[in-house]
Amino acid sequence: MSHASAAIPASNAAPRTGAHRFSAVISRIAEETAVRDGHGTPADYIPMLAGIDPRRFGMAVAEPDGTVYGVGDWRQSFSTQSIPKVFALALALSRDGERIRRGVGRERSRNPFNSLVQLEYENGIPRNPFINAGALVVTDRSQGADLALSAGFLARHGVRADGSELLTRSQAKQVNAVVLTCGTYDAAGEFAYRVGLPGKSGVGGGIIAIVPGECTLCVCSPGLDRRGNAVAGVAALDRFTTLTGLSVF
């Protein structure tokens, strides 16, 4: 799962063309990104990511009705890394919500995502489902790609594109809350401050963000900051919420 690749976004149907609600906004963001200084550094400790151009940038919007559009390199595949942990959490919660809540916490870990230290003094209960230990618990409970479009059920309060319910409205709120507080490694507070949306990042440079009731967003730019989040991606989402006034705050 950590090495899966996805385009931003994708659908079996061809994306619609023409003017859309946020077309002008994301086009402006792409233009600003192209001329900005400082794009961060790819995750060179992962061989498949080491040689990617940090200036690469794509951004896509998926609206609740399935309309998808984007700018830049939005059709190119990228390594999703940790982002699918959101979908594993939603699936596990839909199947066995109470058991998941007893087995994994909902707090920021304050340790590296791959650290096991915290388990030693907290009775083996991972702090949240997005660190590696927590993801293993969720994956175990879940037994038996495309991002902007796939995350649409979180913008639709738990409802799939066909109108069926994957999560209750309360469960969708819970997933979005964990994504907001734990989704961007050790920078969740800064991400909430700058962007104001639930967001989950991966060290492949991707970030998904949810605007409940409005749309889902996906950005990808492989240059990372020291906390493992895409520099241009965070900046693009910051600009999106600034220009549109859409946030959860």
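Please read these numbers as outputs of a predicted model, since none were measured by experiment. (Residues numbered from 1 in each chain as written. Predicted model: local features only at pLDDT ≥ 70, side-chain atom pairs only at ≥ 80, totals over all residues. Heavy atoms only, no water.)

**Student:** How should the overall build of the chain be read in this particular structure?
**Tutor:** Regarding its fold elements, the chain presents 10 helices and 7 strands. In the chain, which comprises 249 residues, the proportion classed as buried is 52%. Carbon and sulfur atoms make up 50% of the accessible area of the chain, which totals about 11,400 Å². (Helix = DSSP H or I, 4+ residues; strand = E, 2+ residues; numbered from the N terminus. Buried < 20%, exposed > 50% of the residue type's maximum accessible area, 1.4 Å probe, protein only. Areas by Shrake-Rupley, 256 points an atom, 1.4 Å probe, with all protein chains shown as cover.)

**Student:** Just checking my understanding: could you explain helix H8 (residues 169–182) for this structure?
**Tutor:** Two residues of an α-helix separated by three or four positions point the same way, owing to the 3.6 residues in each turn. Compared with the 20 Å implied by 1.5 Å per residue over 14 residues, the 20 Å span of H8 between its first and last C-alpha is a close match. Where H8 is concerned, the buried positions are Gln171, Ala172, Val175, Asn176, Val178, Val179, Leu180 and Cys182. (Expected span 1.5 Å × (residues − 1).)

**Student:** Any chance you could explain the sheet that holds strand E2 (residues 58–62) here in plain terms?
**Tutor:** The strands making up a sheet associate through hydrogen bonds between their backbones, and the pairing can be parallel or antiparallel. Pairing within the open sheet is antiparallel, and its 5 strands lie in the order E3-E2-E7-E6-E5. A single partner strand is all that each edge strand has here, and the edge strands are strand E3 (68–72) and strand E5 (199–201). Neighbour-to-neighbour, the strand axes of the sheet open up by a mean angle of 15°, direction not taken into account. Pairing of E5 with strand E6 (residues 206–211), which is carried by 3 bridges, proceeds in the antiparallel orientation. Bridge assignment links lysine 200 to a residue of E6, and that residue is isoleucine 208. Strand contacts of helix H10 (residues 231–244): E2, E6 and strand E7 (215–220), with the helix running at about 150° to E7, the strand carrying the most contacts. (Pairing = 2+ DSSP bridges. Axes fitted to C-alpha atoms, helices over the stretch in contact; angles between N-to-C directions. Contact = heavy atoms within 4.5 Å.)

**Student:** I would appreciate a short explanation of the packing of aromatic side chains in the present structure.
**Tutor:** For any pair of aromatic rings, the description rests on two quantities: the centre-to-centre distance and the angle between the ring planes. A full pass over the atoms with the stated rule returns 2 aromatic pairs. Their ring planes at 50° and their centres at 6.4 Å tell us that phenylalanine 87 and phenylalanine 153 sit as a pair that is tilted. Classification of phenylalanine 153 as buried rests on a relative accessible area of 7%. Sitting over the face of the ring of tyrosine 185, lysine 200 holds its NZ or CZ atom 4.9 Å from the ring centroid. (Phe/Tyr/Trp six-rings, centres within 6.5 Å; stacked < 30°, edge-to-face > 60°. Lys NZ or Arg CZ within 6 Å of the ring centre and 35° of its normal.)

**Student:** Whenever I open this one, the confidence of the model for the chain confuses me. Can you help?
**Tutor:** Here the chain shows a mean pLDDT of 82. Residues at 70 or above account for 73%. The model gives residues 9–17 a pLDDT under 50, and that stretch makes 16 contacts with residues more than four places away or in other chains. For the stretch residues 140–144, pLDDT sits under 50, and the model shows 9 contacts to residues farther than four places along the chain or on other chains. (pLDDT = per-residue confidence, 0-100.)

**Student:** How should the state of the cysteines be read in this particular structure?
**Tutor:** A covalent bond bridging the sulfur atoms of two cysteines is what the word disulfide describes. Within the structure shown, the criterion is met by 0 disulfides. The structure places no disulfide on cysteine 218, whose sulfur is separated from the nearest cysteine sulfur, that of cysteine 220, by 6.9 Å. (Disulfide = S-S within 2.5 Å.)

**Student:** Any chance you could explain unusual backbone geometry here in plain terms?
**Tutor:** Glycine aside, the phi torsion of most residues is negative, and most peptide linkages are trans. Even without being a glycine, histidine 157 presents a positive backbone phi close to 60°. Within the secondary structure, histidine 157 is located in the loop between helix H7 (152–155) and H8. Exposure remark for histidine 157: the relative accessible area of 26% places this residue in the partly exposed category. Phi at tyrosine 185 is positive, roughly 55°, even though this residue is not glycine. The exposure class of tyrosine 185 is buried, given its relative accessible area of 14%.

**Student:** Help me understand the environment of valine 248 in this model?
**Tutor:** Relative to the helices and strands, valine 248 resides in the segment after H10. Overall, valine 248 belongs to the partly exposed group, its relative accessible area being 36%. Placed 68 residues apart in sequence, valine 248 and leucine 180 show a C-alpha to C-alpha distance of 9.8 Å. Ignoring sequence-local partners within four residues, the contact set of valine 248 consists of Gly196, Leu197, Pro198 and Pro212.

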